[in-house]
Amino acid sequence: MHRFTTIHAIRQHLASLRTANTVLGFVPTMGALHEGHLDLIRQARQACDLVVASIFVNPIQFNNPDDLARYPRTIEQDSEMLERVGTDVLFFPTAAEIYPEAPQLRFDFGDLETVLEGAFRPGHFNGVGVVVAKLFNIVQPDRAYFGQKDLQQVAVIRRLIRDLSFPVELVRCDTVREADGLAMSSRNRNLTPTERTQATAMYQALQLAQSRLSEGQSPAVVKGEILTFFEALPHFRLEYVEVVNADTLQAVSETQAPGQTAICMAAHLGKVRLIDNLVF
Ligand code: PAF
């Protein structure tokens, strides 16, 4: 695996490898890698000639300075994991390399960023949009892989690709879960052992919501049931639960066509903010 920290060096390297037929797969990450990330790499490895991963803890997408400070940084371990699953190139720039000066450009993703995560994390999706646009320009991938766990991020990137005509195919990959259902996340390692056991309630709540919606209950009734579910779990502070259209992320009053309904939630457990969703 080749490792680069500067834009100039990775551009030169990729230019020397790329031919007219090379399919380049790209997996952008913020490091602290887990099986979910490795699954993205494996999927890229199967479908592409060249697999590039990036690790960059993007400061401008954190609206909470404590969250940025606490974000786990495990570059040595990450680098070994990426090499083991067949990554060809790793890009891990410094913040000064990506932002020699504070970016003035601002993205407005309209309705997509006023709901769910966008409503609770002002500026977050602008930060994601800026860094992903930069990384796309640097790496110039043919395909880019993102996890469904960040469903709203997938929708934002889809909008970015369409509105800016990036010649990139977006690949949404299923959420990878622990044996007890907890969605894998870099932030899970900040849970205490007790919180880690309690955290599985997020998935139980999602499953409950899915089965009630499938039985024909309305989103409004199901949301009420989920609020009651979390009231019995005082260690959780539920931020939101919404039943939405899986592409537009807008709240719906009835279930959508197959594969188009998503239940999304976010909750604080101790110092960790967890998000998860089910699409059905
Ligand atoms: O999903 C993430 O890890 C980040 O939001 C991303 C896409 C790498 C942008 O910083």
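Residues numbered from 1 in each chain as written. Predicted model: local features only at pLDDT ≥ 70, side-chain atom pairs only at ≥ 80, totals over all residues. Heavy atoms only, no water.

*Asks:* Can you break down helix α2 (residues 35-47) residue by residue, with the values?
*Replies:* For α2, with 13 residues, the first-to-last C-alpha span of 18 Å sits near the 18 Å given by 1.5 Å per residue. Of the residues making up α2, those classed as buried are Gly 36, His 37, Leu 38, Leu 40, Ile 41 and Ala 44. (Helix = DSSP H or I, 4+ residues; strand = E, 2+ residues; numbered from the N terminus. Expected span 1.5 Å × (residues − 1). Buried < 20%, exposed > 50% of the residue type's maximum accessible area, 1.4 Å probe, protein only.)

*Asks:* So what's going on with unusual backbone geometry? Residues and values would help.
*Replies:* One non-glycine residue, Gln 140, lies in positive phi territory at about 50 degrees. Inspection of the secondary structure assignment puts Gln 140 in the loop between α7 (124-139) and β5 (143-147). Even without being glycine, Leu 249 reaches a positive phi, approximately 65 degrees. Looking at the element boundaries, Leu 249 is found in the loop between β7 (236-245) and β8 (261-269). On the accessibility criterion, Leu 249 (1% relative accessible area) is buried.

*Asks:* Give me helix α10 (residues 201-214): which residues, what numbers.
*Replies:* Helix length check: α10, at 14 residues, gives a terminal C-alpha distance of 20 Å against a target of 20 Å (1.5 Å per residue), a fit within 8%. Listed in full, the buried residues belonging to α10 are Ala 201, Met 202, Tyr 203, Ala 205, Leu 206, Ala 209 and Leu 213. Packed against the buried residues of α10 are α9 (193-198), α11 (219-231), β7, β8 and β9 (272-279). Immediately beyond the C-terminal end of α10, within one or two residues, lies Gly 216, with a positive phi of roughly 105 degrees. (Contact = heavy atoms within 4.5 Å.)

*Asks:* Hey, could you go over the sheet that holds strand β1 (residues 2-4) for me, with residue numbers and the actual values?
*Replies:* A sheet is described by the order of its strands in space; here six strands give the open sequence β1-β4-β3-β2-β5-β6, paired in parallel fashion. Each edge of the open sheet carries a strand with a single partner, namely β1 and β6 (169-173). The sheet shows a mean angle of 25 degrees between the axes of neighbouring strands, direction not considered. Here two bridges tie strand β2 (residues 24-29) to β5, and the two strands are oriented parallel to one another. When the sheet's bridge partners are listed, Gly 25 is paired in β5 with Arg 143. Relative to the sheet, α2 contacts β2, β3 (50-55), β5 and β6, its axis offset from that of β5 by approximately 155 degrees. (Pairing = 2+ DSSP bridges. Axes fitted to C-alpha atoms, helices over the stretch in contact; angles between N-to-C directions.)

*Asks:* Give me the lowdown on the site of the ligand, citing residues and values where you can.
*Replies:* The environment of the ligand is made up of Pro 28, Thr 29, Met 30, Asn 58, Gln 61, Val 131, Phe 146 and Gln 153. One of the side-chain N or O atoms of Gln 153 is found 2.7 Å from an oxygen atom in the ligand. Burial of the ligand by the surrounding chains reaches 89%, relative to a free accessible area of 290 Å². Classifying every residue of the shell around the ligand gives four nonpolar, four polar and no charged. (Near = heavy atom within 4 Å. Polar contact = N/O pair within 3.5 Å; in protein donor to acceptor, adjacent residues only side chain to side chain. Areas by Shrake-Rupley, 256 points an atom, 1.4 Å probe, with all protein chains shown as cover. Nonpolar A, V, L, I, M, F, W, Y, C, P; charged D, E, K, R; others polar.)

*Asks:* Describe the pattern of salt bridges, with residues and values.
*Replies:* Where side chains of opposite charge bring their charged atoms close, a pairing between them can arise. The final tally for this structure, using the stated rule, is 15 salt bridges. Note that Arg 196 and Asp 180 form a salt bridge whose closest N and O atoms lie 2.9 Å from each other. Highlighted residues: Arg 196 in helix α9 and Asp 180 in the loop between β6 and α9, separated in sequence by 16 residues. Taking the relative accessible area as the measure of exposure, Asp 180 reaches 33% and is therefore partly exposed. We note a salt bridge from Arg 212 to Glu 215, for which the minimum N-O separation is 2.5 Å. Bridged by salt links that share partners, the residues Glu 117, Arg 121, Glu 239 and Arg 273 form one connected network. (Salt bridge = Lys/Arg side-chain N within 4 Å of Asp/Glu carboxyl O.)

*Asks:* An account of the sheet that holds β8 is needed here, citing residue identities and associated values.
*Replies:* In space, the three strands of this open sheet follow the order β7-β8-β9, with antiparallel pairing throughout. Edge positions in the open sheet fall to β7 and β9, since each of these has one partner strand only. Averaged over all neighbouring strand pairs, the angle between strand axes comes to 15 degrees, with direction disregarded. As paired strands, β8 and β9 are joined by eight bridges and run antiparallel to one another.

*Asks:* I'd like a rundown of the nonpolar core, residues and numbers included.
*Replies:* In this structure, Phe 136 and Leu 249 are the most contacted members of the largest nonpolar core, which totals 47 residues. Looking at this core, the element that brings in the most residues is α7, giving 10 residues. Ignoring anything within four residues of it in the chain, the contact list for Leu 249 reads Leu 112, Val 115, Leu 116, Leu 151, Gln 152, Ala 155, Val 244 and Cys 264. If you look at the next biggest cluster of nonpolar residues, it comprises 25 residues, including Ala 201, Ala 205, Leu 206 and Leu 274. (Core = buried A, V, L, I, M, F, W, Y, C linked by side-chain atoms within 4.5 Å.)

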